[in-house]
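Observations on the model geometry
The primary structure of each chain is shown beneath.
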Amino acid sequence: MPANLEEKINIVKAAITSHPDFPKKGVIFRDIFGALLQPAAFAALRDVLVAHARQLSPRPDAVVALDARGFLFGPLIALELGVPLVPVRKRGKLPGAVRSVQYQLEYGQDTFEMQDGSISKGQNVLIVDDLLATGGTMSAACQLVSEAGGTVLGCLVIIELAELGGRQKVPAPVTTLLEF
Ligand SMILES: O=P(O)(O)OC[C@H]1O[C@H](OP(=O)(O)OP(=O)(O)O)[C@H](O)[C@@H]1O
Ligand SMILES: Nc1ncnc2[nH]cnc12
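Residues numbered from 1 in each chain as written. Chains lettered and ligands numbered in written order. Predicted model: local features only at pLDDT ≥ 70, side-chain atom pairs only at ≥ 80, totals over all residues. Heavy atoms only, no water.

**With respect to the site of ligand 1**
Among the 16 residues in the neighbourhood of ligand 1, the closest are listed as Asp129, Asp130, Thr134, Gly135 and Thr137. With respect to ligand 1, the side chain of Lys90 contributes an N or O atom lying 3.0 Å from an oxygen atom. Between ligand 1 and Gly136, the relevant distance is 3.4 Å, taken from an oxygen atom to a main-chain nitrogen or oxygen of the residue. Summarising the interface, the protein chains cover 87% of the accessible area of ligand 1, which totals 500 Å² for the free molecule. Among the secondary structure elements, those contributing two or more residues to the shell around ligand 1 are strand 7 (124–132) and helix 5 (136–147). Looking at the shell around ligand 1, the element that brings in the most residues is strand 7, giving four residues. Of the residues belonging to the shell around ligand 1, the class tally is six nonpolar, four polar and six charged. (Near = heavy atom within 4 Å. Polar contact = N/O pair within 3.5 Å; in protein donor to acceptor, adjacent residues only side chain to side chain. Areas by Shrake-Rupley, 256 points an atom, 1.4 Å probe, with all protein chains shown as cover. Helix = DSSP H or I, 4+ residues; strand = E, 2+ residues; numbered from the N terminus. Nonpolar A, V, L, I, M, F, W, Y, C, P; charged D, E, K, R; others polar.)

As structure tokens, this is what we get:
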């Protein structure tokens, strides 16, 4: 990775705060909002995300952003690439016909939904989220994209909690900017 991108990642990492025993005992919560509170860190983060997306081959036809914190970052990439931003949301939030999948989290379980027709068959898709923990969330998103007939070109997350081994669960290439 070019030195200037490494420097930018270090700026982002320094801005992320850690909170032991949140939201429950034993979890160390890594708060990405720390990086958004500092405009220089947010700009550095945008630059690194966009640089990653721009070097993908083939070029993504769409960016899928995951509810909720993925919504902060997916749009930055979709706008730069000039491709659609497709939302994947928690159950009951998206109108119209949807496809659903249930998944396990580091601290609970949930259901993701994607609107029918938001991905076309054969499209190459980049999935974006803030953090990879157990990998349940990202795997569920991959499943939704595949069931809709898309191909997951890659999954891009900012923070990887490497000791949870989440990337082994994800059926597509995973790129993370920094590890805790
Ligand atoms: O790899 P996993 O173990 O599946 O966990 C990662 C997910 O957990 C967090 O979201 P969360 O579901 O807490 O919801 P939020 O984005 O609505 O805060 C995070 O933003 C990821 O989406
Ligand atoms: N440890 C953690 N910190 C922040 N977000 C999370 N989502 C799942 N695990 C998390």
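Continuing now.
**Topic: the UniProt feature "domain: Phosphoribosyltransferase" (unreviewed entry) in the protein**
Taking the UniProt record as the reference, the feature "domain: Phosphoribosyltransferase" (unreviewed entry) is found at residues 38–160. Taken as a whole, residues 38–160 contains 29% helix and 37% strand, while its terminal C-alpha atoms sit 21 Å from one another. (UniProt positions renumbered as here; feature names shortened; annotations may be inferred.)

**Section: the side chain of Asp67**
Assignment of secondary structure puts Asp67 in the loop between strand 3 (62–66) and helix 4 (74–81). There is a polar contact of 2.9 Å between the side chain of Asp67 and the backbone nitrogen of Lys90. With residues up to four places along the chain from it excluded, the contact list for Asp67 reads Val88, Arg89, Lys90 and Phe112. (Contact = heavy atoms within 4.5 Å.)

**Things to note about the site of ligand 2**
Close contacts around ligand 2 come from Val27, Ile28, Phe29, Arg30, Arg69, Glu106, Tyr107, Leu131, Ala133 and Leu161, and that covers them all. The backbone of Arg30 places a nitrogen or oxygen atom 2.9 Å from a nitrogen atom of ligand 2. Side-chain polar atom of Arg69 to a nitrogen atom of ligand 2: 3.1 Å apart, as the coordinates give it. A molecule is said to occupy a pocket when more than half its atoms come within 2 Å of that pocket's grid points, and by this definition ligand 2 occupies the largest pocket. Considering every element that reaches the shell around ligand 2, the biggest residue donor is strand 2 (residues 28–31), with three residues. Looking at the shell around ligand 2 residue by residue, the class counts come to seven nonpolar, no polar and three charged. (1 Å grid on protein atoms, 1.4 Å probe; cavity = no way out; pocket = protein on both sides within 12 Å on 5 of 7 lines; lining within 4 Å. Sits in = over half its atoms within 2 Å of the grid points.)

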